[in-house]
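# Summary of the model geometry
The chain contents come next:
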Amino acid sequence: MTPADGEPTEFRATGLNHVSPAIQLNLNLRSLGLSATLEINERSAALAAEGRKIYKLGLGQSPFPVPDQLQRALQDNAHQKDYLAVQGLPALRQSICDYLKRTQDLDFDPEDILIGPGSKELMFLIQMAYYGDLVIPRPSWVSYAPQAQIIGRPVTWLETDPNEALGVTADRLRALCATDPERPRLLILNSPGNPTGFGYSPEALSEIAEVAQEYRLLLLSDEIYGGVQFDGKHQSMARYYRGGTIISDGISKWAGSGGWRLGFFAFPKSLAWLRKAMSAAASETYTSVSAPIQHAAIPAFEGGAQMELYLHRSRAILGALADHVSSRLTQAGAKLNPIRGGFYAFPVFDALRDQLAARGITTSAQLTRQLLEDTGVATLPGSCFGRPDTELSLRLAYVDFNGAAALDALQAGEDLDAAFLTRHCNRVVEGIEAMARWVEA
Ligand code: GLU
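Because the structure is predicted, anything quoted here is derived from the model rather than measured.

The rules behind these values
Residues numbered from 1 in each chain as written. Predicted model: local features only at pLDDT ≥ 70, side-chain atom pairs only at ≥ 80, totals over all residues. Heavy atoms only, no water. Helix = DSSP H or I, 4+ residues; strand = E, 2+ residues; numbered from the N terminus. Buried < 20%, exposed > 50% of the residue type's maximum accessible area, 1.4 Å probe, protein only. Contact = heavy atoms within 4.5 Å. Areas by Shrake-Rupley, 256 points an atom, 1.4 Å probe, with all protein chains shown as cover. Axes fitted to C-alpha atoms, helices over the stretch in contact; angles between N-to-C directions. Nonpolar A, V, L, I, M, F, W, Y, C, P; charged D, E, K, R; others polar. Pairing = 2+ DSSP bridges. Arc of directions from axis to C-beta. Patch = residues over 30% accessible without salt bridge, like charges linked within 9 Å, V, L, I, M, F, W, Y side chains within 5 Å. Salt bridge = Lys/Arg side-chain N within 4 Å of Asp/Glu carboxyl O. Lys, Arg positive; Asp, Glu negative; His and termini not counted. Charge placed at Lys NZ, Arg CZ, Asp CG, Glu CD. Near = heavy atom within 4 Å. Polar contact = N/O pair within 3.5 Å; in protein donor to acceptor, adjacent residues only side chain to side chain. Parallel < 35°, antiparallel > 145°, perpendicular 65-115°, else oblique. Left-handed = near helix turned anticlockwise from the far one by under 90°. Core = buried A, V, L, I, M, F, W, Y, C linked by side-chain atoms within 4.5 Å.

## Side note on the overall build of the chain
Each helix and strand in the chain was counted, giving 16 helices and 12 strands. Overall, the C-alpha framework of the chain stretches about 60 × 55 × 50 Å when taken along its three principal axes. Among the 441 residues that make up the chain, the fraction classed as buried is 55%. In the chain, of all internal contacts separated by at least 6 residues, the share reaching a separation of at least 24 is 74%. Summed over all atoms, the accessible surface of the chain reaches about 18,800 Å², with 51% contributed by carbon and sulfur.

Put into structure tokens, the structure is as follows:
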């Protein structure tokens, strides 16, 4: 067996002459580095600490503050000291059922909900608890595939087309499933999506649901950006494929609380066995999510006028930024799909291939490395999302601004125009301008 780089020899396994499945898992893990999103965040912070001006468009975290009512609830619940039920605080699970009823007209009982320390951990647990292949489109969020890799689960990448906004289509999914119709599969669908910001139309969801039904796919619907779909009309996949869809959501992206680490899965009754298996794994690993955080998350799901206003303003600001980013980068020669929600854009600079090649840039990794070096704009290469190495694509998160100040300005009645973005989202505007000029050079 080969030790990982830097592994001290005194811990090196000797006398192991075959690689058992458990050892294979160890080896899978050792070949991975830090997740790309977190690595770029730490690198950006380190460069900024050295005195460089960095535009932090790498990690996708909400620019907006934790809503006041959540902050107050956290203060009021600081004394909560007991371990909570593995599946989560009953009152929080009830508030999530109310939220899913109110926003999606879907009926769930508290027993159908599993709370996790971020939906990311639950995504890992589902891959441990389910036996199917993981099916994800190119591009997909950076962690789905590495999670499968850690566990040793096969990943099938579903090819996509820039003319179909790089999303899943029913036809392509059907063609994939037809190659081996009986094979168990777990499809992850993310809408609005990371990294493209693309959102599926109700018609597209219903066509995909038909294929999922036909091939009995398990569908994990990652709806973490649903609350920041700009038109406020996010539709859950569970409305179309109720019996086979697990909804994944949380407070990280639409309630400014990524660092609070609170997510949930909502299961249909038919998948209670999977919820139980995941709860068993949860009970043996993280036990239950932090008690004060669970109490404090309730107002996010209860909604109300204040929360609605917060969401409405957040969506308006993000939507205006998405328009700005798209039009400036399109003008610079990039191809982008229409952005419906979230806080990402995925420009592809293939039309500028010759100019960039003349500067020694022929891969997305070179593109983002050189961009950071020359301009201080931190982004992630398209290859991290499963795109071919030589596609000149990158993901940027237009979040480097003071969201609290921007919300206050909107509340004070300022118009949400170009001058607003320059005033309140200046680092994003400057970073995009620097990127555009750099590719145009
Ligand atoms: N989902 C965020 C992103 O794609 C970061 C959170 C994470 O990776 O844990 O940038």
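## Here we look at the packing of helix 1 (residues 21-30) against helix 6 (residues 144-151)
Packed helix pairs are characterised by how far apart their axes lie and by the angle those axes make with each other. Where helix 1 contacts helix 6, the two axes come as close as 7 Å, and the packing angle between them is 145°. Note on element contacts: helix 6 touches helix 1 through Gln 149, Ile 150 and Ile 151, opposite Leu 25, Asn 28 and Leu 29. Its residues assigned to classes, the contact of helix 1 with helix 6 comprises four nonpolar, two polar and no charged.

## Some thoughts on the sheet that holds strand 9 (residues 344-345)
What links the strands of a sheet is backbone hydrogen bonding, and the strands pair in either a parallel or an antiparallel sense. The antiparallel open sheet is built from three strands, whose spatial order is 9-12-11. In this open sheet, the two edge strands, each paired with only one partner strand, are strand 9 and strand 11 (380-381). When strand 11 meets strand 12 (residues 394-397), the two strands line up antiparallel, connected through two bridges. Directly across from Pro 381, in strand 12, lies its bridge partner Leu 394.

## Points about helix 7 (residues 170-178)
Here helix 7 has its buried residues at Ala 170, Leu 173, Leu 176 and Cys 177. Down the axis, helix 7 shows its buried residues gathered within 130° of arc, on one side only.

## Quick word on a negative patch on the surface
On the surface, Asp 171, Glu 203, Glu 207 and Glu 210 cluster together to form a negatively charged patch. At three residues, helix 8 (residues 202-214) tops the list of elements feeding residues into the negative patch. With respect to the element layout, Glu 203 can be found in helix 8. Accessibility expressed as a relative area gives 52% for Glu 203, which makes it exposed.

## Quick look at the site of the ligand
Every residue lining the ligand is accounted for by Thr 37, Leu 59, Gly 60, Lys 120, Trp 141, Asn 194, Tyr 225, Lys 253, Tyr 344 and Arg 395. Between the ligand and Lys 120 there is a distance of 2.6 Å, counted from an oxygen atom to a side-chain nitrogen or oxygen. Within the contact set of the ligand, an oxygen atom lies 3.0 Å away from a side-chain nitrogen or oxygen of Trp 141. Alone, the ligand offers 290 Å² of accessible surface; in the complex the protein occludes 88% of this.

## Quick look at the environment of Pro 162
Note that Pro 162 resides in the loop between strand 4 (155-158) and helix 7. It is 36 Å that separates the C-alpha atoms of Pro 162 and Ile 113, two residues lying 49 residues apart in sequence.

## Focus on the pattern of salt bridges
Under the defined criterion, the tally for this structure stands at 22 salt bridges. Between Arg 183 and Asp 133 there is a salt bridge, with the nearest N and O atoms lying 2.6 Å from each other. Of this pair, Arg 183 sits in the loop between helix 7 and strand 5 (185-190) while Asp 133 sits in strand 3 (residues 133-137), and the two are 50 residues apart along the sequence. Through salt bridges with shared partners, one network takes in Asp 109, Glu 111, Asp 112 and Lys 269.

## A word on the sheet that holds strand 3
In space, the seven strands of this open sheet follow the order 2-8-7-6-5-3-4, with mixed pairing throughout. A single partner strand is all that each edge strand has here, and the edge strands are strand 2 (113-116) and strand 4. Each strand of the sheet is rotated relative to its neighbour by a mean of 20°, with strand direction disregarded. Inspection of the sheet shows strand 5 paired to strand 6 (residues 218-222) by five bridges, in the parallel sense. Its bridge partner lying in strand 6, Ile 188 is registered against Leu 220. Of the strands in this sheet, strand 3, strand 4 and strand 5 touch helix 7, which is tilted by about 145° from strand 4.

## So, the packing of helix 3 (residues 68-76) against helix 10 (residues 291-302)
Where helix 3 contacts helix 10, the axes come no closer than 8 Å and their chain directions differ by 150°. Between helix 3 and helix 10, the angle falls in the class roughly antiparallel. The two elements helix 3 and helix 10 meet at a crossing, and its hand is right-handed. Of the residues in helix 10, those touching helix 3 at Gln 69, Leu 70, Ala 73 and Leu 74 are Pro 292, Ile 293, His 295, Ala 296, Pro 299 and Ala 300.

## What to know about the pairing of strand 7 (residues 245-250)
Two faces belong to every sheet, and in a regular strand the side chains alternate between them. Extensive coverage of strand 7 is indicated by the burial of six of its six residues. Neither face of strand 7 is exposed, since Thr 245, Ile 247 and Asp 249 on one face and Ile 246, Ser 248 and Gly 250 on the opposite face are all buried. Of the pairings in the sheet, the one linking strand 6 to strand 7 comprises four bridges and is parallel in character. Of the residues in strand 7, the one forming a bridge with Leu 219 is Thr 245. Bridge count for strand 7 against strand 8 (residues 263-266) is four bridges, and the pairing is antiparallel. The partner of Gly 250 across the bridge, within strand 8, is Gly 263.

## Examining the environment of Lys 276
Position of Lys 276 relative to the elements: it lies in helix 9 (residues 272-284). Since its relative accessible area comes to 54%, Lys 276 is described here as exposed. The spacing of Lys 276 and Arg 437 is 161 residues in sequence and 53 Å in space, taken between C-alpha atoms.

## Considerations on the nonpolar core
By size, the foremost hydrophobic cluster in this structure holds 118 residues, and its most contacted members are Trp 254, Phe 301, Phe 349, Leu 396 and Tyr 398. By residue number, the principal contributor to this core is helix 11 (residues 305-331), which donates 10 residues. Membership of the second largest hydrophobic core comes to 23 residues, among which are Val 135, Ala 170, Tyr 215 and Leu 217.

Note that all results are geometric; they support no functional claim without further evidence.
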